[in-house]
Amino acid sequence: MPLFKTQTLKIYNSLSGEKEVFTPIHEGNVGMYVCGPTVYSNVHLGNVRTFMSFDVIFRYLKHLGYKVRYVRNITDVGHIVDDVDEGEDKIAKKARVEQLEPMEIVQRYTVDFHHILKEFNFLSPSIEPTATGHIIEQIEIVKKIIDNGIGYEANGSVYFDVVKFNETNHYGKLSGRNIEDMLANTRDLDGQSDKRNSQDFALWKKAEPQHIMRWPSPWSEGFPGWHLECTAMSTKYLGNHFDIHGGGMDLKFPHHECEIAQNEACTGQTPVNYWMHANMLTLNGKKMAKSTGNNILPGEILSGENDILSKAFSPSVTRFFMLQAHYRSILDFSDDAIVAAEKGHNRLMEAMQGLLEIEAGAASTLDIETWKKACYDAMNDDFNSPILIAHLFEGVRYINLLKDNSATLSAADLKVFTATMQAFVFDVLGLLEKENENQNGKLEGVVNMLIGMRNEARANKDFAMSDQIRDQLITLGIQLKDGKEGTSFSL
Ligand code: AMP
Ligand code: ZN
C-alpha cells in the first residue's frame, strides 16, 4: 500500500492563509508547476534555495508514493527589466550588452542552471518547457481572453483589463490586495500608455523595430507577456485545474495574481488548488538578488572564492544549511551559519556510516515506531524539514547508544530504523552520501600532496619536475594557482 494512504499531509496554502489537508484531484497523482529561472544570468544562491525548497517537496511527495508530474519552466523571453510592462526584455538586454544572439544567452545560462542543479543533487523535473517553445499556446489564450471581453488591443499590444475582470472575479485574492487600493496608490496614466488602467498588464507586446525577439500574431509581430507564459505552460501539461503551483514569495504579486486572473478569464475556472510560496535567502539582512549584486553564486560556495567565506563548502553541506530552515522562513546566509551547519552535517553523515555497522540484538530498548512517526509528522506538517532534522539527530543519538551497546534493537526494528534514516537523509533531504563527499576530500588530499612534491622540486631547482607536475595536472583539468599564501588549485 502506498504511504500516502496512511499519512495525512498538510500544506500551507497561500490562497487561504491556512494549512490544509492535501487531497489531490486524481487520487495517487500530483500535478505541480514551479516557476523556473529567467535565463539571462547565472543563478545565485537565493534562486537555488527556492528551487531546493521545491526539490524537497517533490522528493517527499514521491517518497509518499505519489506519481508526480513536476513541471518547471525556463523563462527565455518576455520577462521585462523591473518586472513592469514598459522597458527592455531581460534577455534581449543582456544579448545587446554582450553582443550575442538572445538564444546564445538563453543557452549559456540554461546550461549553467542545469550544471548547478546537478552539483547540488536536484532531481530533474518531469517536464521543463520553454516560453519560446509555447508561443502558439500563448496566442490562443490571448484570443480567448479577448473573446471573453477581458483583453483589449491597443497599437498592436494586448492588455488584460483588470477592472473589467474584477467586476465578476476577485483580482487580488492571492496577495490580499483590492483593486480600489491598487488604483488609488498608483500614478495616473500620463496619456503615453496604451493601457486603460495602470494595473492592467500586458498579454502581448508589439516589438519595437530594433527588438530581435519577435513572433507573428494576429495583433503584431511581438512577444508574449511574462505572466502569460506560465499560464500556457502549466495548463498545457497539467490541465486547466491542477494541484500545486509554487514559486518564490516575491512572485506572489503580480506574477501569480495575474496567472490566476488569466486562467479565470480564459476558462472560467480557478487553476490551482494549493499555492505554495518559498521564502527568501538574504545576505546581510537583504534579499539576495541579481540586480543589486547582493548575492553569492553557488560556484563560489563550492570554491570558497568570495570574501565573506572562510573556506569552501560542499553541496551537501549547503543543502543541509538551507534545509535547517523551514521553506516559509527567511534564511540569512553567513559564514558562521554555514560553518555551524557543516559541523551538524558531518555529525549526521558520520552517524549514517556507523549505522551500517550496527548489529541486531535480541530485543529493542528503543521505541523506533514512535520515533519514525515523529519524522513523518514533521514532514506532513507543511514539509517541516528543521523539525525532521531534529528527529534525525535523535536518530544519531540512538546510533551512538547502539554502537556502545547502551541500547539494542531487534532485527526487525533495526531494519525499520536503518531504512527510515536512509530514506529521510538521502531520498527526501537529498543529502549526498559520505562516500561521494569523501571522493572530493581524497582528491583534495592527493592534489595537496602533489603541490608539496612540486614545492620540494622547486626548492631543489628541479624545474623540469615541478613543471611536469603542473602540466599533467592541467591535462586532468586541475589548475594550480601560485599566490602569496602558497599554492591553491581549482578543479
Ligand atoms: P528569477 O530567475 O528572477 O525569475 O527567479 C527564479 C526564482 O528564484 C523565483 O522563484 C524567485 O522567487 C526566486 N528567488 C529570487 N531571489 C531569491 C532569494 N533571494 N531567495 C530565494 N528565492 C529567490
Ligand atoms: Zn511563473
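As a reminder, the structure under discussion sits directly above these lines.
Residues numbered from 1 in each chain as written. Chains lettered and ligands numbered in written order. Predicted model: local features only at pLDDT ≥ 70, side-chain atom pairs only at ≥ 80, totals over all residues. Heavy atoms only, no water.

**Some thoughts on the sheet that holds strand S7 (residues 201-206)**
Piece 1. With antiparallel pairing, 4 strands are arranged side by side in an open sheet as S5-S6-S7-S8. Each edge of the open sheet carries a strand with a single partner, namely strand S5 (151-154) and strand S8 (222-224). Averaged over neighbouring strand pairs, the angle between their axes works out to 20 degrees when direction is ignored.
Piece 2. Of the strand pairs in this sheet, strand S6 (residues 157-160) and S7 are connected by 3 bridges, and their pairing is antiparallel. The partner of Val158 across the bridge, within S7, is Trp204.
Piece 3. Sheet contacts for helix H4 (residues 135-147): S5, S6, S7 and S8; angle to S7, the most-contacted strand, approximately 120 degrees. (Pairing = 2+ DSSP bridges. Helix = DSSP H or I, 4+ residues; strand = E, 2+ residues; numbered from the N terminus. Axes fitted to C-alpha atoms, helices over the stretch in contact; angles between N-to-C directions. Contact = heavy atoms within 4.5 Å.)

**Structural notes on the site of ligand 1**
Piece 1. Near ligand 1 you find 17 residues, and of these Gly46, Thr50, Asp250, Leu281 and Met288 are the closest.
Piece 2. The separation between an oxygen atom of ligand 1 and a polar side-chain atom of Asn47 is 3.0 Å.
Piece 3. For ligand 1, a nitrogen atom lies 2.6 Å from a polar atom in the side chain of Thr50.
Piece 4. Counting residues per element, the shell around ligand 1 draws most heavily on helix H1 (residues 45-63), which supplies 4 residues.
Piece 5. Grouping the constituent residues of the shell around ligand 1 by class yields 6 nonpolar, 8 polar and 3 charged.
Piece 6. The residues that make up the shell around ligand 1 include at least three from each of domain 1 (12-278) and domain 2 (282-428). (Near = heavy atom within 4 Å. Polar contact = N/O pair within 3.5 Å; in protein donor to acceptor, adjacent residues only side chain to side chain. Nonpolar A, V, L, I, M, F, W, Y, C, P; charged D, E, K, R; others polar. Domains from an automatic or database assignment.)

**Topic: the nonpolar core**
One recurring pattern in soluble globular proteins: nonpolar side chains tend to sit buried together.
Piece 1. Ranked by internal contacts, the top residues of the largest apolar core, which has 110 residues, are Leu61, Phe333 and Phe417.
Piece 2. Top contributing element to this core by residue count: H1, with 10 residues.
Piece 3. Among the domains, domain 1 (12-278) and domain 2 (282-428) are the pair contributing at least three residues each to this core.
Piece 4. Once residues within four sequence positions are removed from consideration, Phe417 is found in contact with Leu355, Ile368, Trp371, Gly395, Tyr398, Ile399, Leu402 and Leu409.
Piece 5. With 24 residues, the next largest nonpolar core counts Phe160, Met182, Phe201 and Ala265 among its residues. (Core = buried A, V, L, I, M, F, W, Y, C linked by side-chain atoms within 4.5 Å. Buried < 20%, exposed > 50% of the residue type's maximum accessible area, 1.4 Å probe, protein only.)

**Some remarks on the state of the cysteines**
Piece 1. In the structure shown here, the tally under the stated rule is 0 disulfides.
Piece 2. Unpaired in terms of disulfides, Cys266 finds its nearest cysteine sulfur in Cys258, a separation of 15 Å. (Disulfide = S-S within 2.5 Å.)

**Here's the deal with the coordination of the zinc ion (ligand 2)**
Piece 1. Distances from the zinc ion (ligand 2) to its protein donors, namely Cys35 (SG), Cys230 (SG) and His255 (NE2), fall within the range 2.0 to 2.2 Å.
Piece 2. We note that the donor set of the zinc ion (ligand 2) lies within a single chain, spaced as C-x194-C-x24-H. In this pair, Cys35 is assigned in the loop between strand S3 (29-34) and H1 and His255 in helix H8 (residues 252-267), connecting sequence segments 220 residues apart. Per residue, the accessibility class of Cys35 equals that of His255, and both read buried. (Donors = N, O, S within 2.8 Å, 3.2 Å for Na, K, Ca; no water.)

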